[in-house]
Amino acid sequence: MKDCIFCKIIEGTIPTTKIYEDDRVLAFKDISPLAPIHYLFIPKKHTASLCDVSPSEMDTVKELYAAVMDVVRKEGLDKRGFRTVINTGEMGGQAVPHVHLHLLGGKQLSASFA
Ligand code: AMP
Ligand code: ZN
């Protein structure tokens, strides 16, 4: 979608460091990492938020998690733990309106979500 920064990353018009790619999902390094490992997993099909994923398209979420677990195992995060977060909407702290799943790890994360 025009004017979506994550769609531009998918198109290759905004540079990024790719971590994972298949025909449906792309993962790349967050530009402002909050942990030693901070990657974003996005569906290649533009969808603004989790609220816009219809019940018949919920496989999208499964595909994001399948990609996450592939990366988690390759990077050994399964041994020590990690966090996944999908910020959704204004009160959920979502800044970029293209569904994205944060993968954070590589340090002791705080128990706080606020
Ligand atoms: P959220 O607040 O959940 O919408 O998170 C958006 C995330 O996108 C933030 O963690 C940003 O640092 C990250 N971000 C924004 N622009 C870029 C970019 N061009 N490349 C990589 N990450 C980005
Ligand atoms: Zn988009």
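The structure we're discussing is the one just above.
Right, let's walk through the structure included here.

Reading the values: rules and limits
Residues numbered from 1 in each chain as written. Chains lettered and ligands numbered in written order. Predicted model: local features only at pLDDT ≥ 70, side-chain atom pairs only at ≥ 80, totals over all residues. Heavy atoms only, no water. Donors = N, O, S within 2.8 Å, 3.2 Å for Na, K, Ca; no water. Tetrahedral: all angles 85-135°; square planar, octahedral: opposite > 155°, others 65-115°. Helix = DSSP H or I, 4+ residues; strand = E, 2+ residues; numbered from the N terminus. Buried < 20%, exposed > 50% of the residue type's maximum accessible area, 1.4 Å probe, protein only. Contact = heavy atoms within 4.5 Å. Pairing = 2+ DSSP bridges. Axes fitted to C-alpha atoms, helices over the stretch in contact; angles between N-to-C directions.

Quick look at the coordination of the zinc ion (ligand 2)
In a perfect tetrahedron of four donors around a metal, the angles come out at 109.5 degrees. In a perfect octahedron of six, they are 90 or 180 degrees. Bound to the zinc ion (ligand 2) on the protein side are Cys4 (SG), Cys7 (SG), His46 (ND1) and His98 (ND1), at distances that span 2.1 to 2.3 Å. Geometry at the zinc ion (ligand 2) is tetrahedral, judged from its 4 donor atoms and the angles of 103 to 117° they form at the metal. Taken in chain order, the donor set of the zinc ion (ligand 2) reads C-x2-C-x38-H-x51-H. In this pair, Cys4 is assigned in the segment before helix H1 (5-11) and His98 in the loop between strand S4 (82-85) and strand S5 (101-105), connecting sequence segments 94 residues apart. Judged by its relative accessible area of 5%, Cys4 is buried. Overall, the relative accessible area of 0% leaves His98 in the buried class.

What to know about the environment of Gly106
One can find Gly106 in the segment after S5. For Gly106, a relative accessible area of 47% gives the class partly exposed. Between the C-alpha atom of Gly106 and that of Pro36, which follows or precedes it by 70 residues, the distance is 5.2 Å. The residues touching Gly106, leaving out its near neighbours within four places in the chain, are Pro36 and Leu77.

Observations concerning the sheet that holds strand S3 (residues 37-43)
Ordered in space as S1-S2-S3-S5-S4, the 5 strands form an open sheet in which the pairing is antiparallel. Here the strands that pair on one side only, and so sit at the sheet edges, are strand S1 (18-21) and S4. Taken pair by pair, the neighbouring strands of this sheet meet at an average axis angle of 20°, ignoring direction. Here strand S2 (residues 25-29) pairs with S3 via 5 bridges, running antiparallel.

These values are about where atoms sit, not about what they do.
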